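So you can see what is in the structure, the chains are spelled out below.
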Amino acid sequence: MSGDHSHNDSQIDSGSRHNDSHKHKDKYKDKEHKHKDHKKDKEREKSKYSNSEHRDSSDKKHRDKERLKLKDGSSDKQKDKHKEKKKEERSFDDKPKKEKENGFESPFIKSEPENNFYHSLKHEKSLKRERDDDDAEFKPKKIKTENDRSEKKAKKRKQEEEDIKPKKKIKNKKGEVATDGKKKGKKEPEEKWKWWEEERYTDGVKWKFLEHKGPVFAPPYDPLPSNVKFYYDGKHMKLSSTAEEVATFFAKMLDHEYTTKEVFRKNFYKDWRKEMTSEEKSKITDLNKCDFSEMSEYFKAQSEARKAMTKEDKQKIKEENERILQEYGFCIMDNHKERIANFRIEPPGLFRGRGDHPKMGMLKRRIRPEDIIVNCSKDSKHPKPPPGTKWKEVRHDNKVTWLVSWTENIQGSIKYIMLNPSSRIKGEKDWQKYETARRLKKCVERIRAQYRDDWKSKEMRIRQRAVALYFIDKLALRAGNEKEEGETADTVGCCSLRVEHLTLHQEMDGQEYVVEFDFLGKDSIRYYNKVPVEKRVFKNLQLFMEDKEPEDDLFDRLNTSILNKHLQELMDGLTAKVFRTYNASITLQQQLNEITNSEDNVPAKILSYNRANRAVAILCNHQRAPPKTFEKSMQNLQTKIDAKKEQLADAKRELKSAKADAKVRRDEKSKKAVESKKKAVQRIEEQLMKLEVQATDREENKQIALGTSKLNYLDPRISIAWCKKFGIPIEKIYNKTQREKFAWAIDMAEKDFQF
DNA sequence: GTATCCACTTAGAATGCGTCAC
DNA sequence: GTGACGCATTCTAAGTGGATAC
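Note on numbering: residues in each chain are counted from 1, in written sequence order. Chains and ligands are labelled sequentially in the order written, the chains with letters from A and the ligands with numbers from 1. Restriction of local features to residues with pLDDT of at least 70 applies here, the model being predicted, together with a cutoff of 80 or more for giving and counting side-chain atom pairs; totals for whole chains, interfaces and linings are based on all residues. Computation of side-chain values covers all heavy atoms of the structure but excludes hydrogens and water.

Asker: Can you help me understand the protein's contact with DNA strand B in this one?
Answerer: Here a residue is near a molecule or strand as soon as one of its heavy atoms is found within 4 Å of it. Around DNA strand B lies a shell of 29 residues, among which His 256, Lys 426, Lys 522, Thr 708 and Tyr 713 are the nearest. At the protein interface, 85% of the atoms of DNA strand B within 4 Å belong to sugar or phosphate. Within 3.5 Å is the distance limit for a polar contact, defined as a pair of N or O atoms, with the added protein rule that one can donate a hydrogen and the other accept it, and that residues adjacent in sequence qualify only through two side-chain atoms. Note that a phosphate oxygen of DNA strand B is positioned 2.7 Å from one of the side-chain N or O atoms of His 256. Within the contact set of DNA strand B, a base oxygen lies 2.6 Å away from a side-chain nitrogen or oxygen of Lys 522. Strands here mean DSSP runs of E at least two residues long; helices mean DSSP runs of H or I at least four residues long; both are numbered from the N terminus. Of all the secondary structure elements, the ones that give two or more residues to the surface near DNA strand B are strand E17 (414-417), helix H12 (424-454), helix H16 (576-595) and helix H20 (707-712).

Asker: Got a minute to help me understand the sheet that holds strand E14 (residues 373-375) in this structure?
Answerer: Within a sheet, neighbouring strands are paired by backbone hydrogen bonds and run either parallel or antiparallel to one another. The sheet built from four strands is open, its strands ordered E15-E14-E16-E17 with mixed pairing. Edge strands, defined here as strands with exactly one partner in the open sheet, are strand E15 (393-395) and E17. Within this sheet the neighbouring strands show an average axis-to-axis angle of 20°, counted without direction. What makes two strands pair is DSSP finding at least two bridges between them. Convention adopted: a line fitted to C-alpha atoms gives each axis, helices being fitted over their contacting stretch, and angles between N-to-C directions are expressed from 0 to 180 degrees.

Asker: What is the right way to look at the UniProt feature "coiled-coil region" (unreviewed entry) in chain A in this model?
Answerer: This chain's UniProt record puts "coiled-coil region" (unreviewed entry) on residues 300-327 and 634-701. Regarding residues 300-327, the helix share stands at 89% and the strand share at 0%, and the terminal C-alpha atoms are separated by 31 Å. For residues 634-701, the helix share is 96%, the strand share is 0%, and the end-to-end C-alpha distance is 12 Å. UniProt positions are given in the numbering used here, feature names are shortened, and annotations may be inferred rather than shown by experiment.

Asker: Before we go on, may I ask you to explain the pattern of salt bridges in this structure?
Answerer: For salt bridges, the criterion is a side-chain nitrogen of Lys or Arg within 4 Å of an Asp or Glu carboxyl oxygen. With the rule as written, the count across this model stands at 40 salt bridges. Of the charged contacts, one joins Asp 661 and Arg 665 as a salt bridge, the two residues approaching to 3.5 Å between their closest N and O atoms. One end of the pair is Asp 661 and the other is Arg 665, both in helix H18 (residues 630-665) and four residues apart, which spans about a single turn. Working definition: with a 1.4 Å probe on protein chains only, accessible area under 20% of the residue-type maximum means buried, over 50% means exposed, and in between means partly exposed. We classify Asp 661 as partly exposed; its relative accessible area is 34%.

Asker: For this particular structure, what's the right way to read the protein's contact with DNA strand C?
Answerer: With respect to spatial proximity, 32 residues lie near DNA strand C, and among them Arg 354, Lys 415, Gly 480, Lys 632 and Thr 737 are the closest. Close to the protein, within 4 Å, the atoms of DNA strand C are drawn from sugar and phosphate at a rate of 89%. Ala 479 is positioned with one of its backbone polar atoms (N or O) 3.3 Å from a phosphate oxygen of DNA strand C. Between DNA strand C and Gly 480, the relevant distance is 2.6 Å, taken from a phosphate oxygen to a main-chain nitrogen or oxygen of the residue. Broken down by secondary-structure element, the contributors of at least two residues to the surface near DNA strand C are H16 and H18. Considering each element in turn, the surface near DNA strand C owes the most residues, three residues, to H18. Charged means Asp, Glu, Lys or Arg here, nonpolar means Ala, Val, Leu, Ile, Met, Phe, Trp, Tyr, Cys or Pro, and polar covers whatever is left, Gly included. When grouped by side-chain class, the residues that make up the surface near DNA strand C number four nonpolar, 14 polar and 14 charged.

Asker: Whenever I open this one, the domain arrangement of chain A confuses me. Can you help?
Answerer: Many descriptions give the size of an interface as the accessible area lost when the pieces come together. Residue ranges for the domains trace back to a domain assignment, done automatically or taken from a database. The assigned domain composition of chain A is domain 1 (230-312), domain 2 (318-425), domain 3 (427-574) and domain 4 (586-748). Here the C-alpha centroids of domain 3 and domain 4 sit 38 Å apart. With 14 residues of domain 3 at the contact, the number on the domain 4 side is 15 residues. Accessible surface is computed with a 1.4 Å probe, and the buried area is the amount of it that two parts give up when combined, taken over both parts together. Where domain 3 abuts domain 4, roughly 1100 Å² becomes buried across the two surfaces, and 54% of that area is made up of carbon and sulfur atoms. Linking domain 3 to domain 4 there are one salt bridge. When the shortest N-O distance is used, the salt bridge between Arg 717 and Glu 435 registers 2.6 Å. At the junction of domain 3 and domain 4, the tally comes to six residue pairs in polar contact (both at pLDDT 80 or more). In terms of residue count, the dominant contributor to the side of domain 3 that touches domain 4 is H12 (eight residues). It only takes one pair of heavy atoms within 4.5 Å for two residues to be counted as in contact.

Asker: Sorry if this is basic, but what is going on with the environment of Gly 355 here?
Answerer: Here Gly 355 lies in the loop between strand E12 (349-350) and strand E13 (363-364). Its relative accessible area of 1% is what places Gly 355 among the buried residues. Measuring from C-alpha to C-alpha, the distance between Gly 355 and Gln 568 comes to 33 Å, with 213 residues separating the pair along the chain.

Asker: Help me understand the environment of Lys 426, please; the structure alone is not making it clear to me.
Answerer: Structurally, Lys 426 is set in helix H12. Under the relative-accessibility criterion, Lys 426 is labelled partly exposed at 27%. Through-space distance from the C-alpha of Lys 426 to that of Lys 741 is 8.6 Å; in sequence the pair is 315 residues apart. Each residue touching Lys 426, except ones within four places of it in the same chain, is listed here: Met 418, Leu 419, Asn 420 and Pro 421.

Asker: Explain the pairing of strand E10 (residues 330-333) to me, please; I cannot follow it from the model alone.
Answerer: The side chains of a regular strand alternate, first on one face of the sheet and then on the other. Taking every second residue as pointing to the same face, both faces of E10 are buried, with Phe 330 and Ile 332 on one and Cys 331 and Met 333 on the other. Where strand E6 (residues 210-211) meets E10, two bridges bridge the pair, whose relative direction is antiparallel. Directly across from Leu 210, in E10, lies its bridge partner Met 333. Between E10 and strand E11 (residues 336-339), which pair antiparallel one after the other, the connecting turn spans two residues, and Asp 334 there sits at a positive phi close to 45°.

Asker: Explain helix H21 (residues 716-726) to me, please; I cannot follow it from the model alone.
Answerer: Each full turn of the α-helix corresponds to 3.6 residues, which orients residues three or four apart in the same direction. Judged by how many residues are buried, H21 sits mostly within the fold: nine of eleven residues are covered. Where H21 is concerned, the buried positions are Pro 716, Arg 717, Ile 718, Ser 719, Ile 720, Ala 721, Trp 722, Cys 723 and Phe 726. Taken together, the buried residues of H21 touch H12, H16, helix H17 (602-619) and helix H23 (743-748). Positive phi shows up at Gly 727, right after H21, with a value of about 65°.

Asker: Even after reading the chapter, I still don't get the state of the cysteines, so can you show me in this structure?
Answerer: By definition, a disulfide is the covalent link that joins the sulfur atoms of two cysteine residues. Any two cysteine sulfur atoms lying within 2.5 Å of each other are counted as a disulfide. All told, the structure shown has zero disulfides when counted by the stated rule. Left unpaired, Cys 494 is separated from the closest cysteine sulfur, that of Cys 495, by 5.2 Å.

Asker: So what exactly am I meant to see when it comes to the packing of aromatic side chains here?
Answerer: The geometry of an aromatic ring pair is captured by the separation of the ring centres together with the interplanar angle, meaning the angle of the planes. Two rings from Phe, Tyr or Trp (for Trp, the six-membered ring) form a pair when their centres are within 6.5 Å of each other. A pair whose planes differ by under 30 degrees is stacked, one over 60 is edge-to-face, and the rest are tilted. If you walk through the whole model with that rule in mind, you get 28 aromatic pairs. A ring pair is formed by Phe 250 and Phe 268, whose centres lie 4.4 Å apart and whose planes are at 25°; its orientation type is stacked. Of this pair, Phe 250 sits in helix H7 (residues 241-252) while Phe 268 sits in helix H8 (residues 262-274), and the two are 18 residues apart along the sequence. We classify Phe 250 as buried; its relative accessible area is 2%. We classify Phe 268 as buried; its relative accessible area is 0%. A ring pair is formed by Tyr 470 and Phe 471, whose centres lie 5.8 Å apart and whose planes are at 40°; its orientation type is tilted. On the basis of relative accessibility, which here comes to 2%, the residue Tyr 470 falls in the buried class. When its relative accessible area of 0% is taken as the criterion, Phe 471 is described as buried. A connected cluster of aromatic rings, assembled from ring pairs, spans Phe 230, Phe 250, Tyr 258, Phe 264, Phe 268, Trp 272 and Phe 292. By definition, being over a ring means that NZ of Lys or CZ of Arg is both within 6 Å of the ring centre and within 35 degrees of the ring normal. Here the basic side chain of Lys 252 rests over the ring of Phe 299, its NZ or CZ set 4.8 Å away from the ring centre.

Following this line, the structure appears as C-alpha cells:
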C-alpha cells in the first residue's frame, strides 16, 4: 500500500505553520464554541445513523457477497496472533557490581544488598525477551550461556574498574582519555557495550541500579546594571528585582514575532503584574507604554560581546561546560556509565507555545530544588540538593526510566530528565519499535482486507473506525487524541478530525472521489492534501458528514482509545502509531530498492538516498520553515557552479591544446602533459557534478525536514544495509550522534537486510 | 465509559560551533 | 585572523498511549 500513499507537492508547498497563514487564521481563530455541545452532538449522531443507513443501499447489494469473500481473514488473524505470541525463552543473570569507583567525583558504586530491593533475577526461571519466532535476523548475535556471560561480565567489570577510577583517568564518551578533566589529543578506541547482545529486563523493570548527581539548575537572576533602564510612559522607572527579571524575559524576545501577538502580550502582562510590587502594579497599567528597548539593546550587546570574546575566554567557558557535563551529564545505570539527555533544568522564561496557543507569553516559573523529585537506587549515593535546600522527594522507582522530574506551571504537566538516545534503555525501545513495525508488515494485508470489509459494516462505529484506519494507513496520519479545550492550540489528528477539515469532491482535476484535507496537525503544521479515495470511503465520508455542523467531529463514534483497542486485537502491540513507523520504513526500503543505481558514483547515490528519505518526510508531513538564508545560500552555490563550469571550459581548452602539442612533438613529456590535463578535466567534472547534485538536493529540501523521519521513523538497518551494499560510508548518512543512537543497527545489519 | 495522570516519543526552532573562503 | 555559513546539538513543546480512578 505504501506505493499508494497519496502525497503530492501541494502537501508541502502549501504547508506552513498556522500563524503564517491568513486563511487559517480566519478559519481557526474562532473556535471557542467548538466542542461545547460535543456529547450532545454524539448523541444526535447516534440517533441519526439509524435513519441514514438506508441511504447507502447501493452499497448494500454487494455487501454480503463481498463479506463472504473476505471471510477467511479472521482465521488468518487467529493464526498470526498465535504466532506472534510465541516467545523465546532465555535465562537471565545480572549480578550487581560490588563497590566501585566511577567517573564522578563521588567515588562509589555501591553493591546491591542480597535481600534485594529489586527482585533478584538470578533465580528466576526462564525470563524471556519478546521476539518473533521467525525473526532470525533480530536475534542477538550470540546467545550466551551463564558461563559465557559471567566470564564476559567479569572481564567487563575489570575493564570498568579501570575506567571509572576518578581523578586519575576519566574516560569521556568520545573515548578520549582525560586527566584531571583535561582532554588529551589522542583518542583511544573504547570498547563499546553491546547491550543488544544481552538480555532485556521483563515485568516492567527498567534498571537495577541507578546513581546520578541530580539536575543542574538555571543560574540565579543577575540584575541589570544601573545604566540599563526601563521606561514607563517615557519616564525612567526602577523595577523591583522580581519584576525586572520577568521584564527581561520579554525584552529578550522583543525582536521575535511573539511579542507582537495579542495573546502573548496579554498573558505576559497578566503574569508580569503578579510579580510586581503593589506600587509597580498601580503605576504600570498599560503594556503599550512600557519601553524595554534599553534592556533589549543590552542583551544584544552582551551576545555580541560573547561572540567577540578572546579564544582563551571561550576556551575557559568550554572547559567549564565540559566539567559540568562530566559531573552531571552521566549516570551509572546497571554498571554502565550512560549519557543523560537533558540534565539542565529548564530556565524560567516566557512560554512559547506553537501556533495559536492560548497560553503563549505566560510566565514559566523558576524551578527550585523543592519542586524536584529525584529517582535513583536506594543503595546509590543520592544526589545532594544545593546547600540550604531540599528535594521535594527522593524515590526509588525502577519501573520508570527518568532520573528527575518536576511539574511545570503552564499546563501542569510533568517534565523529566531522561537518558540520551544512545543509552541502552532508549536503544532497546527503539529497536523494539521497529520490530513491531516489521511484525505489522507480516499482517498488514490481512488488516487492510478487514478494514475494507468494515467499510460496509452495518454499524456506524465500525465504519468510522475502518475509514479512520484507512486514513492512518494510507496517509500516515497521527492518531489524534482528544485535547482539552482552551489549554492548547487547536490542532487535530485522524480521530479528532472535524467536518470542516475535509472537503469532498465527486470529481476534481480529472479524478473521481477526491477528498481535500486541510487541517492543523502537531505543532500547528498545516496538513493540506488532495487525495483520491475509493468510492466506498467517499460514500462513507458523505454519510459521516451528513447533517453535521463544520465544527462537529467527523468520527463521532470513535476515539484513539477505541481504535487502539481494536488494533490490539488485530496484532499484539499494534497501535495507530505503528502504522506511521511501518509505512515510513517500508517506503524508504521500496524507494531505495527502486531508485538506487549501482552504476552511480557516491554523491549520486546519496542524492538517491535523500530522495527516498524525502518521500518519507513528505508522507509524514515533516515540514520546516525555509531557512532564512536559503535564497542567499542557493545563490552562492550557483555562483560556485558557474565558476566551476568556467574552470572546466578552461581545462578542456588546455587539454585540447596539450593534445595538439603532443601530436606535433610526439615526445614523452607532452604525452604526460596530456595525461595530467585529462585528469584535471575529470577532477573538475566530478567537482561540478558534486556541486550540481548539492544544489538539486538543497532545492528539493527547501521546506522539508528530513531529520525527524531519519531519527524516529526509519528503521536504521535499512539505511545501514544500503550503505554496506553500495559501498557508501555510513558517516555520509548518519552523523556522529546518529551513529551513536543507531549503534545497535550498525552492528547488526548486514548488507542483505530488508525491512 | 470517561477523565485524568503519567511516562514516554516525536517535533521544529533556537542556538552553538566547526569549517571554509578570503 | 575573521566572518559567513551550514550542520550539529540543545531545547522544550506537543504529541501518543497505557494505567488508574471514578
